[in-house]
Amino acid sequence: MKKFFSKLTFAAALSVAFASCKKADIADLSPNNEGEDKKGISSAKGIQVVPNELLVKFKAGLSEDEKMEVLTMVQGKVKEVVLTEAMKSAGDKEGIALLHTSLASLEAVARLQGARGVEYAEPNFIYNHFATSNDTYFTNGSLWGMYGSTGTPANQFGCGARTAWANGKTGSSSVYIGVIDEGVMFTHPDLAANFGTNPGEIAGNGIDDDGNGYRDDVRGWDFAANDATVFDGVSDDHGTHCAGTIGGVGGNGAGVAGVVWNVKMLSGKFLGSTGGTTANAIKAIDYFTDLKTRAGLRIVATSNSWGGGGFSQALQDAIVRANNNNILFIAAAGNASSNNDAVANYPSNYPVANVIAVASITSTGGLSSFSNFGATQVDLGAPGSGIWSTVPVRSGGTTVGSYASYNGTSMATPHVSGAAALYASVNPTASMSTIRTAILSSVTPTPSLSGKTVTGGRLNVAGF
Ligand code: CA
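Residues numbered from 1 in each chain as written. Predicted model: local features only at pLDDT ≥ 70, side-chain atom pairs only at ≥ 80, totals over all residues. Heavy atoms only, no water.

(A) Structural view of the coordination of the calcium ion. Protein coordination at the calcium ion comes from Glu-201 (OE), Asp-208 (OD), Asp-210 (OD), Asn-212 (OD1), Tyr-214 (O) and Asp-217 (OD), with a distance range of 2.1 to 2.5 Å. Around the calcium ion sit six donor atoms; with metal-centred angles ranging over 72 to 164°, the donor geometry is irregular. By relative accessible area, Asp-217 is classed as buried at 0%. (Donors = N, O, S within 2.8 Å, 3.2 Å for Na, K, Ca; no water. Tetrahedral: all angles 85-135°; square planar, octahedral: opposite > 155°, others 65-115°. Buried < 20%, exposed > 50% of the residue type's maximum accessible area, 1.4 Å probe, protein only.)

Quick look at the structure:
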């Protein structure tokens, strides 16, 4: 996991270049810096992009001949047209073209900047999750993040969930959260009861019953492998860990408890063994946007413990579509110990009203050493150091549910996602903006977050 940490540090360094220049200056990134490592991941100045790919938004109504001219400019061909149901609902009939190019991807992007017929062209970035694990064995179940000011002194910096539970506020099975991450071990004993299903889909019949473009997407969809299997084994530990913090089954006398004890989660898996791409992140975000209206589910938020890359208009547009459908986009601030006001971190920096950017704090109330911050770009802090939650492990030749302690803004983010679900359960008609305001206005002022976050405080759900 340290590998991810160093990669993220590089990504932050590159983000300086992005943040300090206009979008069009992406073209200034020298293609010569784009090399491929052994995994086929290329990078320029530390940022990761899918080699020989780019995303292009053609201007509306462009003829096939005109598109061909654009393709010729980059020796490209259309690999896939990303046209999600959410895009169609938003009035976009053409979507985004994912191109394969024989050029280095950044060179291809540079050639298309300002080209006739091109709305925008950008790399297909690679994103990674924002966690570091320090152990894979369950030795200590101290869930400090769920305590609060009424706990023991050692636990006073938790999010106050214990108080909410004591007041009978433990969530609702009619509230849904989309976990956009790796996959989730939804059979984990501490998750099974709180993992939802797509009500419009019949499992295993090979038919797209609800017509959303995905066959047998009962638990969500794996956008990395493009199949219905959202749990692929122990490599889905990070997604499983995040899910346990949102909604680990509480009160069952075993394991951990999430911020909400009752909730329904669905998986938008797009992070695979080499991370996830912009194209697949867009599909995952749009999946939940579409599902909300299609199935009438009360999807209040997606939980996004991942990041990297530079600015993407295409990704921002997907977040806007979620916003326009009243879905919060709760995002990790990043693990580069840097200031997101100076060095943009994506997706947490996108200027869309549904975004909540989350920093990480320790059990003694400090800003976690790895955590990004930002007086205007990071909203609040939440527990992210030494967080115990659910994971899959191999034991006796099978994959079984277990527990582990991880660190990261990845771990802080699902605390806030759980808080959104908790508030929504207590306030059945609350809008997205009401939920967001409730979370941000109820923080506990915290010195380590003062001047480093918008609210200057840490998550506090005790009064929900
Ligand atoms: Ca379907």
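(B) Up close: the packing of aromatic side chains. If you walk through the whole model with that rule in mind, you get 14 aromatic pairs. Here the aromatic rings of Tyr-127 and Trp-306 are separated by 5.0 Å at their centres, their planes lie at 55°, and the arrangement is tilted. Placement of Tyr-127 in strand 6 (residues 118-129) and of Trp-306 in strand 13 (residues 306-307) is noted, with a sequence separation of 179 residues between them. Residue classification places Tyr-127 among the buried residues on the basis of a relative accessible area of 1%. Trp-306 gets classed as buried once you look at its relative accessible area, which sits at 0%. Considering the side-chain rings of Tyr-214 and Trp-221, the 5.0 Å spacing of their centres and the 45° angle between planes classify their relative orientation as tilted. Aromatic ring contacts, followed pair by pair, group Tyr-214, Trp-221, Phe-223, Tyr-287 and Phe-288 into a single cluster. A cation over an aromatic ring shows up here: Lys-452 above the ring of Phe-373, its NZ or CZ 4.4 Å from the ring centre. (Phe/Tyr/Trp six-rings, centres within 6.5 Å; stacked < 30°, edge-to-face > 60°. Helix = DSSP H or I, 4+ residues; strand = E, 2+ residues; numbered from the N terminus. Lys NZ or Arg CZ within 6 Å of the ring centre and 35° of its normal.)

(C) Representation of the packing of helix 7 (residues 278-295) against helix 8 (residues 313-324). Between helix 7 and helix 8, the shortest axis-to-axis distance is 9 Å and the interhelical angle comes to 10°. On the basis of the axis angle, helix 7 is roughly parallel to helix 8. Between helix 7, through Thr-278, Ala-281, Ile-282, Ile-285, Asp-286 and Thr-289, and helix 8, the contact on the second element is made entirely by Ala-314, Leu-315, Ala-318, Ile-319, Arg-321 and Ala-322. Residue classes in the contact of helix 7 with helix 8 are distributed as eight nonpolar, two polar and two charged. (Axes fitted to C-alpha atoms, helices over the stretch in contact; angles between N-to-C directions. Parallel < 35°, antiparallel > 145°, perpendicular 65-115°, else oblique. Contact = heavy atoms within 4.5 Å. Nonpolar A, V, L, I, M, F, W, Y, C, P; charged D, E, K, R; others polar.)

(D) Highlighting the pattern of salt bridges. As enumerated under the stated definition, the model contains 14 salt bridges in all. Among the ionic pairs, Lys-79 bridges to Glu-53, the shortest N-O distance being 2.5 Å. Taken together, the residues span a long stretch of sequence, with Lys-79 in strand 4 (residues 76-82) and Glu-53 in strand 3 (residues 47-58) at a distance of 26 residues. Where Asp-290 meets Arg-294, a salt bridge forms, and the shortest distance between an N and an O atom there is 2.8 Å. Pair noted here: Asp-290 and Arg-294 are both in helix 7, with a separation of four residues, about one helical turn. Using a relative accessible area of 6% as the deciding quantity, one classes Asp-290 as buried. Connected through shared salt-bridge partners, Glu-85, Lys-88, Asp-290 and Arg-294 make up one network. (Salt bridge = Lys/Arg side-chain N within 4 Å of Asp/Glu carboxyl O.)

(E) How the structure looks around unusual backbone geometry. Tyr-346 connects to Pro-347 through a cis peptide bond whose omega is 10°. Considering the arrangement of structural elements, one finds Pro-347 in the loop between strand 14 (328-332) and strand 15 (355-361). One non-glycine residue, Gln-75, adopts positive backbone phi at about 50°. Within the secondary structure, Gln-75 sits in the loop between helix 2 (64-73) and strand 4. Looking at Gln-75, the relative accessible area reads 45%, which means it is partly exposed. Here Asp-216, not a glycine, exhibits a phi torsion of approximately 60°, which is positive. Structurally, Asp-216 is set in the loop between strand 8 (171-181) and strand 9 (220-222). Overall, the relative accessible area of 16% leaves Asp-216 in the buried class.

(F) Structural view of helix 7. Here helix 7 is 18 residues long and its end C-alpha atoms lie 25 Å apart, about the 26 Å a rise of 1.5 Å per residue gives. Counting buried positions along helix 7 gives 15 out of 18 residues, so the element sits mostly inside the fold. Once helix 7 finishes, Gly-296 follows within two positions and takes phi at roughly 70°, a positive value. (Expected span 1.5 Å × (residues − 1).)

(G) View of the side chain of Asp-217. Secondary-structure assignment places Asp-217 in the loop between strand 8 and strand 9. Buried charged residue Asp-217 carries no salt bridge. Nearest counter-charge: Arg-294, at 7.7 Å. One polar contact links Asp-217 to Tyr-287, side chain to side chain, over a distance of 2.7 Å. Once you skip the residues sitting within four places of it in the chain, Asp-217 turns out to touch Asn-198, Glu-201, Asp-210, Asn-212, Ala-228 and Tyr-287. (Lys, Arg positive; Asp, Glu negative; His and termini not counted. Polar contact = N/O pair within 3.5 Å; in protein donor to acceptor, adjacent residues only side chain to side chain.)

(H) Representation of the pairing of strand 3 within the structure. For strand 3, a buried count of twelve out of twelve residues is recorded, marking the element as mostly surrounded by other parts of the structure. Pairing of strand 3 with strand 6 involves six bridges; the strand directions are antiparallel. By the bridge assignment for strand 6, Val-56 is matched with Ala-121. Taken together, the four bridges between strand 3 and strand 5 (residues 96-101) define a ladder with antiparallel strand orientation. The residue bridging Leu-55 from the neighbouring strand is Leu-98, located in strand 5. (Pairing = 2+ DSSP bridges.)

(I) Region of interest: the environment of Glu-69. Looking at the element boundaries, Glu-69 is found in helix 2. Residue Glu-69 is classed as partly exposed on the basis of its relative accessible area, which comes to 45%. For the pair Glu-69 and Gly-117, spaced 48 residues apart in sequence, the C-alpha to C-alpha distance is 9.2 Å.

(J) Here's a closer look at helix 2. Every buried residue of helix 2 is listed here: Lys-67, Val-70 and Leu-71. One face of helix 2 carries all of its buried residues, which in axial projection span an arc of 100°. Turned more than 90 degrees away from the buried face of helix 2 sit Asp-65 and Thr-72, all of them exposed. Those residues of helix 2 hidden inside the fold are in contact with strand 3, strand 4, strand 5, helix 4 (105-112) and strand 6. Count one or two residues on from helix 2 and you reach Gln-75, which has phi positive near 50°. (Arc of directions from axis to C-beta.)

Bear in mind that shape data such as this cannot, by itself, settle questions of function.
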